[in-house]
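Overview (structure and organization)
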Amino acid sequence: MKVLVLAGTREARELIELLAAEPGVEVVASLAGRTSSRVELPCPVRVGGFGGVDGLRRFLRSERVGAVVDATHPFAARMPHHALAAARGTGTPHLRLRRPPYQHRPGDRWVEVDDMAAAAVALRRLDARRVLLTVGRLDLEPFSTVPGVHFVVRSVEPPAQGPPGATIVTARGPFTVDGERALLAGHDIDALVTKDSGGDDAKIRAARAAGIAVAMVRRPPDVDATIATDASAAQAWVRALTPPAPGPHGGDAAALAAWLGTDLDAVLDLSVSLNPDAPDAARLVARAATRVGHYPDPRQPTRALAGAIGVDPGRLVLTNGGAEAIALVAAHEPVGWVEDPEFSLYARHLAEVREGAPRWRSNPSNPLGRLAPGSAEAAVWDEAFYPLASGTWTRGDDRAWRVGSLTKLWACPGLRLGYVIAPTLELAEAIRSRQPRWAVNALALAVVEPLLAETDLAGWAAAIRPRRIQLVQALMARGFAVRDTDACWVLVEAPGLRDLLARRAVLVRDCTSFGMPGVVRMAVPDDAGLDRLLTAVDGVRRDAGGAP
Ligand code: NAP
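Throughout what follows, the structure given in this document is the object of discussion. (Residues numbered from 1 in each chain as written. Predicted model: local features only at pLDDT ≥ 70, side-chain atom pairs only at ≥ 80, totals over all residues. Heavy atoms only, no water.)

The number of helices and strands found in the protein is 19 helices and 25 strands. Scaling as 2.2 N^0.38, a compact globule of 548 residues should have a C-alpha radius of gyration of about 24 Å, whereas the protein reaches 33 Å, well beyond that. For the protein, buried positions account for 50% of its 548 residues. Put simply, 62% of the contacts in the protein that link residues at least 6 apart link residues at least 24 apart. Summing over all exposed atoms, the protein offers an accessible surface of approximately 24000 Å²; the carbon and sulfur share of this is 51%. (Helix = DSSP H or I, 4+ residues; strand = E, 2+ residues; numbered from the N terminus. Rg over C-alpha atoms; globule rule 2.2 N^0.38 Å. Buried < 20%, exposed > 50% of the residue type's maximum accessible area, 1.4 Å probe, protein only. Contact = heavy atoms within 4.5 Å. Areas by Shrake-Rupley, 256 points an atom, 1.4 Å probe, with all protein chains shown as cover.)

Encoded structure:
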C-alpha cells in the first residue's frame, strides 16, 4: 500500500523512518519546499504544492495512494483542510499526525494570544526589552513596528526580512534545555514569543527556569479527523490499514481473515486457483471421519487413480499434495533447469538449478497460464492445472516425470493430495522408498475413489473456459489490462489491487514473487464468486474515482 506522508515536521520524519521498514508499505513524502536545505529521507520525496484540494485529489488517484498521513505542522493553516477534503473526496483513509501542545506548568509566565499581531501587542504589556522570536521566518512582519525592543530571531534559515536591527540565529532543532538557557542568558532575553507548536519543549523549560515571560501563540483550529499524537501511533494506524503482506505462494486467507476479524470462510480466496466446480470434498471427508482411527493404506486409491489416468499403478505414487511430489522428484533428480517465470517450488527443492540440466516445466505454465505446444519437451512436467485446462488427465509424455495436484482439481488444498507418475516402475519404487511412511493421511486416501466417481474433467474444463472469458471481459470493461490464459486463472496488471481487494475480503495472488510486480493472478471463480469479485472491484474503482 502506498502511503503519502505530508511532511515538514520531526514527527513526519520519524514516521517515514518507521514506515520505510514496514513490509507491504511504500511511503512517499511530500514537502511544501519552504526550506532550501532538506533532511535526507529514506523514501521518494515530492516537493511543492499540489494545486489545492483538486490537485491533491488528482495526485491521490493517479498515484494510487492507499492512505494519507497529514504530519504537517500544527500551525500549517491550509494543508490539513486540503488533505482531509481530498482524502474524503477520494475515499482515501486519512490520519492527522499532530503533536500535543505544550503543557502549562507551575512557574510558567505565559500570556496566551491568538496570533502574531496579538503577540506583538502583548510584548508592550510585558514591558519586554530583549525578545527571542522562535515563530518561523515567515511570521515576523508584526514585530517590525514594536518600538524599544531588540529582537533575536531564531529560525532554520535566515529570514528575508526581520525586525530592524534584529540579531539572527540560524539553527535547526532538536534543542537541549541547557542550550536554550545559554541562548536566553547569552542574549539577555526577558521575553520569548513562540507558537504553541508542542513537541520539543526545551525553550519552554529554559524560560520557566529563568522566570522569563512567554507570549504563547495559540494553535489555529485543526481539522476534525482521526488524530495520532506521535509517530508510533501513526505507524500502528497504517499497520491496521495494511492487509498482511503476501506470502510466497498465495493462500494467505487465514492471515487475512484474522486481520479483518472475520471467519476464514468469509474470505473469497482467488489467490489459489482451484476448480470452481469441484465436488464437496468436505462432505466426503466428514463421512470418512472414522478413518482417523486406522493407519492409512494407499494401495486401493493408487490403483483407482492410476486406472482413471490410464497408467500402470506401479508407476504412480500418491503424495501429500503436489508439493511433496515435487520435493520427492527433486530429491531423486537434484540438478534441474527452471526457466522463469515459473512455479517457485522447483527451484526451492532442487539442489542446483543449472542451465542445460533436465528442464522442469509447469503445463499450463504457472503463472503465465499457457499450455505448452505439443513439440515442447521437459524432464519433469508439472500437470497440477493440466486437467482443468485440457479436460484430460495428462499430456501423456511417458518418458518424463509427471507430477500432479489433486488439491487443485478437487479444491481441497487443506487435505493435501498429489501424485508422481514415474517414467519407469524402478523409478517409481525409488520415489516410494524416499517417501516418509504414511505421508498421505487416511482422510485424503478415503476420498480419492468417491471424488474420482464425481470427476468430469472434460465438463469442468469446458465450464471454466466461458467463465474465464466472462471474467476477462468484465475486467477489461472496467479498464484493466488483462492477460488471458489457457488455465483456470487470469493475470491482471493492477499495482496495489491485491491490498485494495483484500480489504474487501477478496484475496488475489500478488505475482511479485514470480518476478512480475504490479501483476495479480486471479482464479476463475464460480458465478457467486464472480459477482463478489466484481462488486469488490467496483468498490475499489469507485474509491479511486473510476480509475482501474
Ligand atoms: P499551509 O499554510 O497549510 O500550506 C500552504 C500551501 O502549501 C498548501 O495549500 C499546499 O499547497 C502547500 N503545502 C503545505 N504543506 C505541504 C506539503 N507537506 N506538501 C506539499 N505541499 C504543501 O502550510 P505552511 O504553514 O505554509 O507550512 C508549509 C510547510 O512547512 C508544511 O509542510 C509544514 O509542515 C511546514 N512547517 C510549517 C510551520 C508553520 O509554523 N506553519 C512550522 C514548521 C514546518 P497546495 O494547496 O498547492 O497543495
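Further notes follow.
Attention shifts here to the packing of helix α10 (residues 299–309) against helix α16 (residues 442–453). Viewed as axis vectors pointing N to C, α10 and α16 meet at an angle of 30°, and their least axial separation amounts to 9 Å. Taken as axis vectors, α10 and α16 run roughly parallel relative to one another. Considering only the axes of α10 and α16, their crossing is left-handed. Touching Gln 300, Pro 301, Ala 304, Leu 305 and Ala 308 of α10 are Leu 445, Val 448, Glu 449 and Leu 452, all from α16. Classifying every residue of the contact of α10 with α16 by side-chain character gives 7 nonpolar, 1 polar and 1 charged. (Axes fitted to C-alpha atoms, helices over the stretch in contact; angles between N-to-C directions. Parallel < 35°, antiparallel > 145°, perpendicular 65-115°, else oblique. Left-handed = near helix turned anticlockwise from the far one by under 90°. Nonpolar A, V, L, I, M, F, W, Y, C, P; charged D, E, K, R; others polar.)

Looking at where Thr 194 falls in the secondary structure, it is placed in strand β10 (residues 191–195). Of note is the side chain of Thr 194, whose polar atom sits 3.4 Å from the side chain of Thr 134. Not counting the four nearest positions on each side in its chain, Thr 194 is found in contact with Tyr 102, Thr 134, Val 135, Lys 203, Ile 204, Val 214, Ala 215, Met 216 and Val 217. (Polar contact = N/O pair within 3.5 Å; in protein donor to acceptor, adjacent residues only side chain to side chain.)

Our focus in this paragraph is the site of the ligand. Taken together, 22 residues form the shell around the ligand, and within it Ser 30, Phe 50, Arg 78, Met 79 and Lys 195 come nearest. Gly 48 is positioned such that a nitrogen or oxygen atom in its backbone is 3.5 Å from a nitrogen atom of the ligand. Contact between the ligand and Arg 78: an oxygen atom at 2.7 Å from a main-chain N or O atom of the residue. In the complex, 81% of the free accessible area of the ligand, which totals 800 Å², lies under the protein chains. Mapped by element, the contributors of at least two residues to the shell around the ligand are β2 (26–31) and α3 (79–90). The residue inventory of the shell around the ligand, partitioned by class, reads 9 nonpolar, 9 polar and 4 charged. (Near = heavy atom within 4 Å.)

Quick look at the nonpolar core now. Counting residues in each nonpolar core, the largest one holds 43 residues, and the members touching the most others are Leu 305, Leu 316, Trp 393, Leu 406, Trp 410 and Tyr 419. For this core, the secondary structure elements donating two or more residues are α9 (281–287), α10, β14 (316–319), α14 (406–409), β20 (418–421), α16, α17 (457–477) and β22 (489–493). Top contributing element to this core by residue count: α16, with 8 residues. Other than its neighbours up to four places away in sequence, Leu 316 contacts Thr 302, Leu 305, Ala 306, Ile 309, Val 311, Tyr 419, Val 420, Ile 421 and Arg 432. (Core = buried A, V, L, I, M, F, W, Y, C linked by side-chain atoms within 4.5 Å.)

In terms of burial, strand β7 (residues 130–134) is a largely internal element, 4 of the 5 residues being buried. Bridge analysis of β7 against strand β8 (residues 150–155) gives 4 bridges, and the strand direction is parallel. If you follow Leu 133 over to β8, its bridge partner there is Val 153. In the sheet, β7 pairs with β10 via 4 bridges, with the strands oriented parallel. Bridge pairing in β10 links Val 131 to Ala 191. (Pairing = 2+ DSSP bridges.)

Taken together, 4 strands build an open sheet; the order of strands is β21-β22-β25-β24 and the sheet is antiparallel. Across the chains shown, the open sheet's two edge strands, defined by having one partner strand only, are β21 (481–483) and β24 (509–510). Pairing between β21 and β22: 3 bridges, direction antiparallel. Pairing of Arg 483 across the sheet is with Leu 491, part of β22. Contacting β21, β22 and β25 (519–523), α17 runs over the sheet at an angle of about 15° to β22.

The next thing to look at is unusual backbone geometry. Cis peptide bonds are those with omega within 30 degrees of zero, and the linkage from Gly 173 to Pro 174 qualifies with 0°. Going from Asp 340 to Pro 341, the amide bond is cis rather than trans, its omega being 0°. Within the fold, Pro 341 resides in the loop between β15 (335–338) and α12 (344–349). One non-glycine residue, Ala 411, lies in positive phi territory at about 50°. Position of Ala 411 among the secondary structure elements: in the loop between α14 and β20. With relative accessibility at 30%, the residue Ala 411 sits in the partly exposed group.

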